[in-house]
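So you can see what is in the structure, the chains are spelled out below.
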Amino acid sequence: MTLREINLSTTPTPEAIAELRLGDIVYLTGLMYTAREGVYMRALEDRANIPMDLPSQSAANFHCSPAARINPDGSFDMGAVTATASFRFAKWLPEWMAKTGARLIVGKGGMTSKDYKDYFVPNGAVYLSTVGYGTGALLGRGVENVEAVHWNEELGLAQAMWVIRCNRMGPFIVASDLNGDCLFERENAKIAENIARVYEGTKPAVLKRYGESDDRSDEVI
Amino acid sequence: MIPISLIQSTAETLMDKAAIEIPQDYLDGLQHAAKTEDGDLSSFVLKAMLDNYQAAKEDRRAMCGDTGVPRWFVKLGNAARVEGGMVALETALRRATANATNGVPLRPNRVHPLWRTDHDNNVGIGAPEIEYGFEPDGAWIDLITVHKGGLFGTDYRMLFPSDGVQGIKRFYLDSLMAFGKRGLACQPAIIGIGLGGSKDACMALGKRASTLRIVGSRNTDPRIAEMEDEFKELGNSIGMGAMGFVGKNMVIDCNIEVGYCHTGGMPMSVHAFCLSSRRAVARIHADGRVEHRTDPNWFTPYQRRETVDWAPQQEAAE
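Residues numbered from 1 in each chain as written. Chains lettered and ligands numbered in written order. Predicted model: local features only at pLDDT ≥ 70, side-chain atom pairs only at ≥ 80, totals over all residues.

**Section: the overall build of chain A**
From N to C terminus, chain A includes eight helices and nine strands. In terms of overall dimensions, chain A is globule-like: its C-alpha atoms have a radius of gyration of 19 Å, near the 17 Å expected for 221 residues. Across its three principal directions, the C-alpha atoms of chain A cover 65 × 40 × 35 Å. Relative to its full complement of 221 residues, chain A shows a buried share of 48%. (Helix = DSSP H or I, 4+ residues; strand = E, 2+ residues; numbered from the N terminus. Rg over C-alpha atoms; globule rule 2.2 N^0.38 Å. Buried ≥ 20, exposed ≤ 12 C-beta atoms within 10 Å, placed from the backbone.)

Encoded structure:
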């Protein structure tokens, strides 16, 4: 099977989002901002004013902190760009989406299909996963310009809100769709068929641990 | 006497090389994986990673935006002497870490665990970690930097002799299953297994097995070497590949290191080095020569010694 390649705006139309299928390869053009726990806490818990016009400037939230520096003259150097695992942000995402109109959540590893059905689909949003992880240098090449960095003094460079102008940045993989289906869960289900075979002959450890899951077809996120 | 300025400048070069240049042994392993992979999505991922290594080298930019946690392993020949002593050496390594964070640039990942204070330079309390080893001969210093990624792919469990090899296999599979899904472990990776030691040493052994041994190396104990082959194959037979997509390549290599443990136990740790496998090594000789390489060659006969005394003739016989 050949994978479909799609160019997408960071302020995509509902039609463009509806077109996306699980496993499509996407390249993004337009403004994208980084926001992870630091930004979510500051904007949602401390109620700080978000320093951008969202979603008109950008509907793409990248779970990322880049390898970048701020030069003494105030200019930026951005090297590699890689995502961080998104499942930890489920606590803040519903409110963030409602507040900012984000339609593209870009990160590592995706969310659960329950997250997708509960608040991605109602908001007309999908999840794009980075590839690898991570293709930091390739994504870095897609940075046309660093437009701004917000809250770096309050949050540090890694948690700051970076505003990036992307020019065909990618590759990303479509990991959820408007049915709320999850690419990773689809793959897990295929792999689950092999679990009994690879575990054959092993037995549970003599010393048990209090555990949250003993089902190997389950996930730990 | 090795000049301290040479230690710092070499360390800065190593930070740069580790972040940008994929080690050849791992690249060969991944290229082989890319040839054998037939899952459509996992093949795409491996190809993108190979493109990424190329882009990093061409642009001299970091392979990955997540710098991991940069750290140092320092090995000294018994006759090595450092200008200013070991405190000066530690200062030089901390300074090199901070300078390279701004210079490459790398992501300033290191924060206080509670207050989340970020000095924006990857230096702080206990950061970067600096660990030491010694060798009986030589007046050289080996500087090894490893930028191991992070949050997933590593686990520890106290097993017992009655768990046997089947118990070891099961915990190994558990770690791959738990962290392989969605590609949280950034596989296919070099998987390191630590067996034995005390709990903390067990973690260190596994980490060193994944980061300080190269693809294709084998433990000098032939029965452990056999286990390494078997475990590599077992991991690759799960049916899971890059990013947790259906595929054949989960483990680029499996390295096992052991240490003597409590007679009643069999502690085990599992570590996944990532798709960027960032390590770089330089030997600084007493006369100021610097030789760069990517094989840490950490696990020498001396590091794995079992006896009370180290007999030099024993080394000659190896």
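**Overview of the domain arrangement of chain B**
Residue and element names in this part refer to chain B. Domains assigned within chain B are domain 1 (4-17 + 62-149 + 279-317) and domain 2 (46-57 + 150-276). Placing a centre on the C-alpha atoms of domain 1 and another on those of domain 2 gives a separation of 23 Å. Put simply, the parts of the chain that give the side of domain 1 that touches domain 2 at least two residues each are β1 (69-77) and β3 (141-148). Considering every element that reaches the side of domain 1 that touches domain 2, the biggest residue donor is β3, with three residues. For the side of domain 1 that touches domain 2, the residue count by class is ten nonpolar, two polar and four charged. (Domains from an automatic or database assignment. Nonpolar A, V, L, I, M, F, W, Y, C, P; charged D, E, K, R; others polar.)

**Topic: the nonpolar core**
Membership of the largest hydrophobic core comes to 148 residues, with the highest contact counts inside it found for Leu128(A), Val45(B), Ala62(B), Met63(B) and Ala189(B). The two domains that each donate at least three residues to this core are domain 1 (4-17 + 62-149 + 279-317) and domain 2 (46-57 + 150-276) of chain B. Residues contacting Met63(B), with those up to four places away along its chain left out, are Ala80(A), Gly136(A), Ala137(A), Ala19(B), Ile20(B), Ile22(B), Asn52(B), Tyr53(B), Ala56(B) and Ser276(B). (Core = buried A, V, L, I, M, F, W, Y, C linked by C-beta atoms within 7 Å. Contact = placed C-beta atoms within 7 Å.)

**A look at the sheet that holds strand β7 (residues 266-272) of chain B**
Note on sheets: strands pair through backbone hydrogen bonds, and any given pair is parallel or antiparallel. Residues and elements named next belong to chain B. Read from one edge to the other, the open sheet built from four strands follows the order β4-β7-β5-β6, with strand pairing classed as mixed. Looking at the sheet topology across the chains shown, the edges are occupied by β4 (155-159) and β6 (251-259). Across the sheet, the mean angle from the axis of one strand to that of its neighbour is 15 degrees, orientation sign disregarded. Two elements, β4 and β7, share five bridges in a ladder whose sense is antiparallel. Bridging across to β7, arginine 157 finds its partner in methionine 268. (Pairing = 2+ DSSP bridges. Axes fitted to C-alpha atoms, helices over the stretch in contact; angles between N-to-C directions.)

**Overview of the sheet that holds β1(B)**
All names here are of chain B. Pairing within the open sheet is mixed, and its five strands lie in the order β2-β1-β3-β8-β9. If you trace the sheet from one side to the other, it starts and ends with β2 (130-135) and β9 (290-293), each paired once. Taken pair by pair, the neighbouring strands of this sheet meet at an average axis angle of 20 degrees, ignoring direction. Pairing between β1 and β3: eight bridges, direction antiparallel. What sits directly across from phenylalanine 73, in β3, is isoleucine 144. Its contacts with the sheet put helix α1 (residues 4-20) on β1, β3, β8 (278-284) and β9, and the angle it makes with β8 is roughly 155 degrees.

**Quick look at the interface of chain A and chain B**
Facing 49 residues of chain A, the contacting portion of chain B comprises 57 residues. For the side of chain A that touches chain B, the residue count by class is 24 nonpolar, 17 polar and eight charged.

**Notes on the environment of Arg61(B)**
Tracing the backbone shows Arg61(B) in the loop between α3 (40-59) and β1. Each C-alpha atom, one on Arg61(B) and one on Glu21(B), is 9.3 Å from the other, the two residues being 40 residues apart in sequence. Beyond its immediate sequence surroundings of up to four residues, Arg61(B) is in contact with Gly79(A), Ala80(A), Ala137(A), Gly140(A), Ile20(B) and Ala56(B).

**A few points about the pairing of β6(B)**
Residues and elements named next belong to chain B. Within β6, seven of the nine residues are buried, which leaves it mostly tucked inside the rest of the structure. Where strand β5 (residues 189-196) lies against β6, eight bridges are found, and the strand directions are parallel. Note that in β6 the partner of glycine 194 across the bridge is glutamate 257.

**Here we look at unusual backbone geometry**
The omega torsion across Leu54(A) and Pro55(A) is 5 degrees, close enough to zero to call that bond cis. Structurally, the position occupied by Pro55(A) is in the loop between α2 (37-45) and β3 (60-62). At the junction of Gly132(A) and Tyr133(A), the peptide bond is cis and its omega measures out at 15 degrees in the coordinates. In this fold, Tyr133(A) is placed in the loop between β7 (126-130) and α5 (136-141). One non-glycine residue, Arg60(B), lies in the positive phi region at around 50 degrees. Looking at where Arg60(B) falls in the secondary structure, it is placed in the loop between α3 and β1. Residue classification places Arg60(B) among the partly exposed residues on the basis of 13 C-beta atoms within 10 Å. The backbone phi angle of Arg116(B) is positive, close to 60 degrees, even though this residue is not glycine.

**With respect to the packing of helix α2 (residues 24-36) of chain B against α3(B)**
All names here are of chain B. Across the interface, α2 lies against α3 with an axial gap of 9 Å and an inter-helix angle of 145 degrees. At the point where α2 passes α3, the crossing takes the left-handed sense. On α3, the residues touching Leu27, Leu30, Gln31, Ala33 and Ala34 of α2 are Leu46, Lys47, Met49, Leu50 and Tyr53. (Left-handed = near helix turned anticlockwise from the far one by under 90°.)

**A few points about the pairing of β8(B)**
All names here are of chain B. Of all seven residues in β8, six are buried, a share of seventy percent or more. Here four bridges tie β8 to β9, and the two strands are oriented antiparallel to one another. Counted as the bridge partner of valine 281 is arginine 293 from β9. The antiparallel pairing of β8 with β9 creates a hairpin that spans five residues between the two strands, and glycine 288 there sits at a positive phi of about 95 degrees.

**Topic: the environment of Arg223(B)**
All names here are of chain B. Secondary-structure assignment places arginine 223 in helix α7 (residues 222-236). Of the residues examined, arginine 223 has 7 C-beta atoms within 10 Å and is grouped as exposed. Each C-alpha atom of the pair arginine 223 and leucine 173 lies 20 Å from the other, and the pair is 50 residues apart in sequence.

**Structural notes on the environment of Phe134(B)**
All names here are of chain B. You can see phenylalanine 134 is positioned in strand β2. Along the primary structure phenylalanine 134 and tyrosine 302 are separated by 168 residues, whereas in three dimensions their C-alpha atoms are 8.4 Å apart. When sequence neighbours within four positions are dropped, the list of residues in contact with phenylalanine 134 reads Lys75, Leu76 and Asn78.

**Comments concerning the confidence of the model for chain B**
Overall, the prediction assigns chain B a mean pLDDT of 96, with 98% of residues at 70 or greater. Across the interface, the model reports ipTM at 0.91; the global pTM reads 0.93. (pLDDT = per-residue confidence, 0-100.)

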